[in-house]
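Observations on chain architecture
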Amino acid sequence: MKLETKVFTFLIPLLVLLSCSESDSNQGDQFFAKQQYQEAIDAYSEVVAKNAKNANAFYKRGRAYEELGRLDEAEKDYKASFDLDSRNIQVLMSLSNLYQKRKDNEMALQYANYATEIPGAPAMAFFLKGRAYHLLGNTENAMAEYNTAIKIDDDFGQAYYYRGMLKQATKQTRGACADFKLAASLNYLQADQALETYCQ
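Within any chain, residue numbers begin from 1 and follow the written order of that chain's sequence. Residues qualify for local features only when their pLDDT is at least 70, as the model is predicted, and side-chain atom pairs are given and counted only at 80 or more; totals for whole chains, interfaces and linings, by contrast, use all residues. Hydrogens are left out, water is left out, and the side-chain values use all remaining heavy atoms of the structure.

**A word on the environment of phenylalanine 32**
Here is the rule: Under the scheme used here, helices are H or I runs from DSSP no shorter than 4 residues and strands are E runs no shorter than 2 residues, and both carry numbers assigned from the N terminus. Each residue is placed in one exposure class: buried if its accessible area under a 1.4 Å probe, protein chains only, is under 20% of its type's maximum, exposed if it is over 50%, and partly exposed if it falls in between. Any two residues having at least one pair of non-hydrogen atoms within 4.5 Å are treated as being in contact.
Here phenylalanine 32 lies in helix H1 (residues 3-33). For phenylalanine 32, a relative accessible area of 14% puts it in the buried group. In the structure, phenylalanine 32 is positioned 29 residues away from arginine 61 in sequence and 9.3 Å away in space, judged by C-alpha atoms. When sequence neighbours within four positions are dropped, the list of residues in contact with phenylalanine 32 reads Tyr37, Ala40, Tyr44, Arg63, Ala64 and Glu67.

**A look at the packing of helix H5 (residues 89-101) against helix H7 (residues 123-135)**
Quick reminder of the rule: Here the axes come from fitting lines to C-alpha atoms, over the contacting stretch only for helices, and the angles between their N-to-C directions go from 0 to 180 degrees. Throughout this description, any angle smaller than 35 degrees is read as roughly parallel, any larger than 145 degrees as roughly antiparallel, any in the 65 to 115 degree range as roughly perpendicular, and the remainder as oblique. A crossing counts as left-handed when the near helix is turned anticlockwise from the far one by less than a right angle, and as right-handed when that turn is clockwise.
Running from amino to carboxyl end, H5 crosses H7 at an angle of 25°, the nearest separation of the two axes being 10 Å. Classified by the angle their axes make, H5 and H7 are roughly parallel. Pair H5 / H7 crosses with left-handed handedness. On H7, the residues touching Met93, Ser96, Asn97 and Gln100 of H5 are Met124, Ala125, Leu128, Arg131, Ala132 and Leu135.

**Re the packing of helix H9 (residues 157-169) against helix H10 (residues 173-185)**
What counts, and what does not: Note that Gly is not counted as nonpolar here; it falls among the polar residues with everything else outside the nonpolar set of Ala, Val, Leu, Ile, Met, Phe, Trp, Tyr, Cys and Pro and the charged set of Asp, Glu, Lys and Arg.
One can describe the packing of H9 onto H10 by two numbers: an axis separation of 8 Å at closest approach and a directional angle of 160°. Our classification of the angle between H9 and H10 gives roughly antiparallel. For the pair H9 and H10, the sense of crossing is left-handed. Taken together, the residues of H10 that come into contact with H9 (itself represented by Gly157, Tyr160, Tyr161, Arg163, Gly164, Met165, Lys167 and Gln168) are Thr173, Gly175, Ala176, Asp179, Phe180, Leu182 and Ala183. Residue classes in the contact of H9 with H10 are distributed as seven nonpolar, five polar and three charged.

Encoded structure:
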């Protein structure tokens, strides 16, 4: 058998496998977009069954589990994705957010810190780090991280809101109300209640 024929014979099953995996992943994305999370989980599970090193499929399945409130399974998939790709900012932020939901703020801080160490980290990574510090009672570091998040993205309503809450807690009422107004102008809904409660 010629070498070209051998290579072609070897590549056909490989290409079929890869195309099926890609198709299943795309199908999972479509289900996720329609909020059909169990169907998305089933599609992503097909991908990881075919390729146990697909970090992205583990991450996406973790997101679907998290949407269903199945945090143990989400954590397992996020950790599997992290083990395969420890510098994936989306995975790091998802782990930080998951641990904040569980009120494990030390772990939330750890993963947010990993995310902020990656060059080009988005504002959300610094926000999550600030939020973890905030919940741990470290107001100075929390303020610094919220400031960094806002410096990166000055349309980040959630960061203004939480910075405002931190200022309110540390008796900086005028600054807090200014942040609540900015958050409200950016359509962060909780800011309206904060304005009514603290800024009348």
